[in-house]
Amino acid sequence: MLETILKTKKQEIDTLSMPAYEQVEKRSLYQAIKHPTRTVGLIAEVKKASPSKGLIRADFHPVDIAKTYEAAGADAISVLTDQHYFKGHRDFLTAIKKETSIPIMRKDFIIDELQVEESLRIGADAILLIAGTVPDQKLFELYQSAHEKGMQCLVEVHAASELSSLLSVFTPELIGINNRNLKTFETSLSQTEEIASLVPQQCTFISESGIHTFEDVTRVQKAGAGGVLVGESFMRAETPSIGITNLFGESNDETTS
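What counts and what doesn't
- Residues numbered from 1 in each chain as written.
- Predicted model: local features only at pLDDT ≥ 70, side-chain atom pairs only at ≥ 80, totals over all residues.
- Heavy atoms only, no water.
- UniProt positions renumbered as here; feature names shortened; annotations may be inferred.
- Helix = DSSP H or I, 4+ residues; strand = E, 2+ residues; numbered from the N terminus.
- Rg over C-alpha atoms; globule rule 2.2 N^0.38 Å.
- Buried < 20%, exposed > 50% of the residue type's maximum accessible area, 1.4 Å probe, protein only.
- Contact = heavy atoms within 4.5 Å.
- Areas by Shrake-Rupley, 256 points an atom, 1.4 Å probe, with all protein chains shown as cover.
- Lys, Arg positive; Asp, Glu negative; His and termini not counted.
- Charge placed at Lys NZ, Arg CZ, Asp CG, Glu CD.
- Pairing = 2+ DSSP bridges.
- Right-handed = clockwise from strand over helix to strand, strands pointing away.
- Axes fitted to C-alpha atoms, helices over the stretch in contact; angles between N-to-C directions.

Looking at an unreviewed UniProt entry, one finds the chain named Indole-3-glycerol phosphate synthase and attributed to Alkalicoccobacillus murimartini. Quoted straight from UniProt, the Pathway (unreviewed entry) entry for the chain says "Amino-acid biosynthesis; L-tryptophan biosynthesis; L-tryptophan from chorismate: step 4/5."

The following block contains the structure:
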């Protein structure tokens, strides 16, 4: 699946139309995660569909979802911009940025400098970079380019070997440990527990995928996670706000009103 997605991305890059640049305020994803609303940072994801699960939320209004996330105490918002596989769009991110005041991260398969420039122009505060999609040195160049443009990066790994290889080239400030096996698409929180010990002390790491309950949050926090990235369980909840409060074991007025 990853190879198929990357092939599509290369085709998209060849025909990429660069949007006009609008000056927007930059917000720090790093600081938002280091100083979270709760005991652990929350990146809440705006996600309509995925290759493994298909359509996740039919009643999909990205700006409304993002505003609900912010009101419910999310520290940052991740926006899927891939159209073909995740039913996202770069315009979702631009619209959300204008209607919220917390950091907005672009989640896509970014493998080329043109996509970094595009991310800047659509208003992203941060971008996701995925180890294994390009060689580590190329990933470092994209990381540097993003920082030079005033954006930050969440650098995602899926295995201990990926992290070790990555760290031989550079040390990201914010690392994402994805609990999903990209070959089988199965998820296991043991991924976070196994990889966490390799994360340098000066780095903050985010646990991603497969986080559905307060027990899950507690488990990855115990492993050292400074934050979690959650999308699917919020998208499947009655409302995104109820999804967040349920995840953190909090009471929610919406459930009793």
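And the narrative resumes.
**Q** Before we go on, may I ask you to explain the overall build of the chain in this structure?
**A** When you go through the chain residue by residue, the secondary structure sums to 11 helices and 10 strands. The C-alpha atoms of the chain give a radius of gyration of 17 Å, which matches the 18 Å a tight globule of 257 residues would have. Judged by the C-alpha coordinates and their principal axes, the chain covers about 50 × 40 × 35 Å. By the burial criterion, 55% of the 257 residues in the chain qualify as buried. Contacts in the chain between residues far apart in sequence, at least 24 positions, make up 67% of those at least 6 positions apart. Total accessible area on the chain is roughly 11,200 Å²; 48% of this is exposed by carbon and sulfur atoms. The distance from the centre of the 26 positive side-chain charges to the centre of the 36 negative ones in the chain is 3 Å.

**Q** Help me out: how do you make sense of the pairing of strand S5 (residues 104-107) in this one?
**A** Residues in a regular strand project their side chains so that they alternate between the two faces of the sheet. Both faces of S5 are covered, namely the face carrying Ile104 and Arg106 and the face carrying Met105 and Lys107. Where strand S4 (residues 76-80) lies against S5, four bridges are found, and the strand directions are parallel. Bridging from a neighbouring strand, Ile77 pairs with Ile104 of S5. Note on the crossover from S4 through helix H4 (residues 90-99) to S5: the handedness is right-handed. Of the strand pairs in this sheet, S5 and strand S6 (residues 126-130) are connected by two bridges, and their pairing is parallel.

**Q** Where do I start with the environment of Pro135 in this structure?
**A** Assignment of secondary structure puts Pro135 in the loop between S6 and helix H6 (136-148). Here the alpha-carbon distance between Pro135 and Ser165, two residues 30 residues apart in the chain, equals 9.8 Å.

**Q** Just to check I follow, could you spell out the sheet that holds strand S1 (residues 41-46) for this structure?
**A** By way of backbone hydrogen bonds, the strands of a sheet pair with one another, either parallel or antiparallel. Spatial ordering of the closed barrel is given by S1-S4-S5-S6-S7-S8-S9-S10, a layout of eight strands whose pairing is parallel. The average undirected angle you get between the axes of adjacent strands in this sheet is 25°.

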